[in-house]
Amino acid sequence: MDRCMECGEEPVYKYLGKVYCSKHFTKYFEDKTLETISKYKLLRRGEHVVIAVSGGKDSLSLLYILNKYRERLGIRVTALLIDEGIKGYRDITIEDFKEVNKRINAEYRLISYEDVFGLSLDDILKLSREKGLPTYACSYCGVFRRYLLNLGARVIGGDVLATAHNLDDIIQTYLLNIFTNSIERILHLHPRTESASHIKFIHRVKPFYEVLEMETTLYAIINGLYPRFIECPYAPEAFRNDIRSFINQLEEENPGIKYKILNSLLATLERYGSKEPPRINSCRICGEPTSQEICRTCRYLENLGLLNNLKIWINEVGQL
Ligand code: SF4
Ligand code: ZN
């Protein structure tokens, strides 16, 4: 039986010729993440890094590792949790985050849909149904969440927003966008989003760009960061799940294919990705960055009759 290639201890990880015990796997994983940060110039000394934390294993691992190395990287770290207000799901993941954070002891900030928009996602969906509007949870949730991550990172005083997307997430999105002919979206899959030409836009980085999902899972388990597994009750994502299974099956038959798919994405970005920052307008209502005249958040809130709540909240937190 194979033993850890560094120390001969019992292995927990074996992939593409590498065999590690838990101690050396941890070192391998952390080195790889730090190398990704340096290779793609994701973080700079003196930056205040806001981490989008959902309470799941990936974002807890990212918070843990950036908090652990914050002095070496010369950064300040704050976790940002968005509470959409999904009963039986987000309340539990927030509880799990608080439990784990007793040990990590990271600064964090929680912003809820209810505080900002006046209603939880559950109640927004009820209202939407009553008004005869579409009731697809993920449309509201995705738009509002992205909006609050950017706004929230600014409220906290962050310079950069780090998300825990891993290699599997990224190549799934890559193939998904190929299959749905959403070529424009592929060009947003950089490890570091280009700074948009808008003063209110916080650029995003993905320090787990080159680590596999099974690696973040193992890292989370070894470091006691693996929370209860709970799925969002609204999660549809059937097509993404099909793509995930398809890639995993390919990987089983062709070990290392996931890296090849990532390399294909990187070559595409190199060749077609714009080096110019995209042009972004200010929303006519809330002033936040948008590619339209009025941002999608304001449009949704206007239809729901909730726009005033956002204006009040923005007034309360002051000029941003
Ligand atoms: Fe929001 Fe949809 Fe994700 Fe649930 S599955 S958290 S509703 S985007
Ligand atoms: Zn707006």
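Residues numbered from 1 in each chain as written. Chains lettered and ligands numbered in written order. Predicted model: local features only at pLDDT ≥ 70, side-chain atom pairs only at ≥ 80, totals over all residues. Heavy atoms only, no water.

### Things to note about the overall build of the protein
Alright, step 1. Within the protein, the secondary structure is distributed over 14 helices and nine strands.
Alright, step 2. Relative to the compact-globule value of 20 Å for 320 residues, the protein shows a C-alpha radius of gyration of 20 Å, a close match.
Alright, step 3. If one aligns the C-alpha atoms of the protein with their principal axes, the spans along those axes are about 65 × 45 × 40 Å.
Alright, step 4. Per-residue burial over the protein gives 51% buried out of 320 residues.
Alright, step 5. When contacts within the protein are restricted to residue pairs at least 6 apart in sequence, those whose partners lie at least 24 apart make up 73%.
Alright, step 6. Carbon and sulfur atoms make up 49% of the accessible area of the protein, which amounts to about 16,100 Å² in all.
Alright, step 7. For the protein, the distance from the average site of its 44 positive side-chain charges to the average site of its 42 negative ones is 4 Å. (Helix = DSSP H or I, 4+ residues; strand = E, 2+ residues; numbered from the N terminus. Rg over C-alpha atoms; globule rule 2.2 N^0.38 Å. Buried < 20%, exposed > 50% of the residue type's maximum accessible area, 1.4 Å probe, protein only. Contact = heavy atoms within 4.5 Å. Areas by Shrake-Rupley, 256 points an atom, 1.4 Å probe, with all protein chains shown as cover. Lys, Arg positive; Asp, Glu negative; His and termini not counted. Charge placed at Lys NZ, Arg CZ, Asp CG, Glu CD.)

### Let's talk about the coordination of the zinc ion (ligand 2)
Alright, step 1. Within the protein, the zinc ion (ligand 2) binds to Cys283 (SG), Cys286 (SG), Cys295 (SG) and Cys298 (SG); these donor distances fall in the range 2.2 to 2.4 Å.
Alright, step 2. Around the zinc ion (ligand 2) sit four donor atoms; with metal-centred angles ranging over 106 to 115 degrees, the donor geometry is tetrahedral.
Alright, step 3. Positions of the donor residues of the zinc ion (ligand 2), expressed as sequence spacing, correspond to C-x2-C-x8-C-x2-C. In this pair, the class of Cys286 matches that of Cys295, namely buried. (Donors = N, O, S within 2.8 Å, 3.2 Å for Na, K, Ca; no water. Tetrahedral: all angles 85-135°; square planar, octahedral: opposite > 155°, others 65-115°.)

### Let's talk about the packing of aromatic side chains
Alright, step 1. Tallied over the entire structure, the rule returns 18 aromatic pairs.
Alright, step 2. Here the aromatic rings of Tyr15 and Tyr259 are separated by 6.3 Å at their centres, their planes lie at 50 degrees, and the arrangement is tilted. One end of the pair, Tyr15, is in strand β1 (residues 13-15); the other, Tyr259, is in helix α12 (residues 257-272), with 244 residues separating them in the sequence.
Alright, step 3. Take Tyr15: its relative accessible area is 12%, and that puts it in the buried class. (Phe/Tyr/Trp six-rings, centres within 6.5 Å; stacked < 30°, edge-to-face > 60°.)

### A closer look at the pairing of strand β4 (residues 76-83)
Alright, step 1. A large share of β4 lies buried, amounting to six of its eight residues.
Alright, step 2. Two elements, strand β3 (residues 48-52) and β4, share five bridges in a ladder whose sense is parallel. Directly across from Ala52, in β4, lies its bridge partner Leu80.
Alright, step 3. Note: β4 against strand β5 (residues 107-112), six bridges, orientation parallel. (Pairing = 2+ DSSP bridges.)

### Digging into the nonpolar core
Alright, step 1. By size, the foremost hydrophobic cluster in this structure holds 59 residues, and its most contacted members are Leu43, Ile51, Leu63, Leu66 and Leu265.
Alright, step 2. No fewer than three residues from each of domain 1 (1-39) and domain 2 (40-273) sit in this core.
Alright, step 3. Dropping the residues within four chain positions of it, Ile51 is found in contact with Leu62, Leu63, Leu66, Val77, Thr78, Ala79, Leu80 and Ala162.
Alright, step 4. By size, the runner-up hydrophobic cluster in this structure holds 40 residues, among which are Val143, Ile202, Cys232 and Cys298. (Core = buried A, V, L, I, M, F, W, Y, C linked by side-chain atoms within 4.5 Å. Domains from an automatic or database assignment.)

### Quick look at the sheet that holds β3
Alright, step 1. Here we have five strands laid out as an open sheet, ordered β5-β4-β3-β6-β7, and parallel in their pairing. Looking along the sheet, the strands with just one partner apiece sit at the ends: β5 and β7 (203-205). The average angle at which neighbouring strand axes cross in this sheet is 30 degrees, direction not considered.
Alright, step 2. Most of the contacts of helix α2 (residues 57-68) go to β3, to which it runs at about 160 degrees, and overall it touches β3, β4 and β6 (160-162). (Axes fitted to C-alpha atoms, helices over the stretch in contact; angles between N-to-C directions.)

### Focus: a nonpolar patch on the surface
Alright, step 1. On the surface, Ile178, Phe179, Phe239 and Phe246 cluster together into a nonpolar patch covering about 380 Å² of accessible area.
Alright, step 2. For the nonpolar patch, the secondary structure elements donating two or more residues are α8 (167-179) and α11 (238-253).
Alright, step 3. Looking at the secondary structure, you find Phe239 in helix α11.
Alright, step 4. Exposure remark for Phe239: the relative accessible area of 39% places this residue in the partly exposed category. (Patch = residues over 30% accessible without salt bridge, like charges linked within 9 Å, V, L, I, M, F, W, Y side chains within 5 Å. Salt bridge = Lys/Arg side-chain N within 4 Å of Asp/Glu carboxyl O.)

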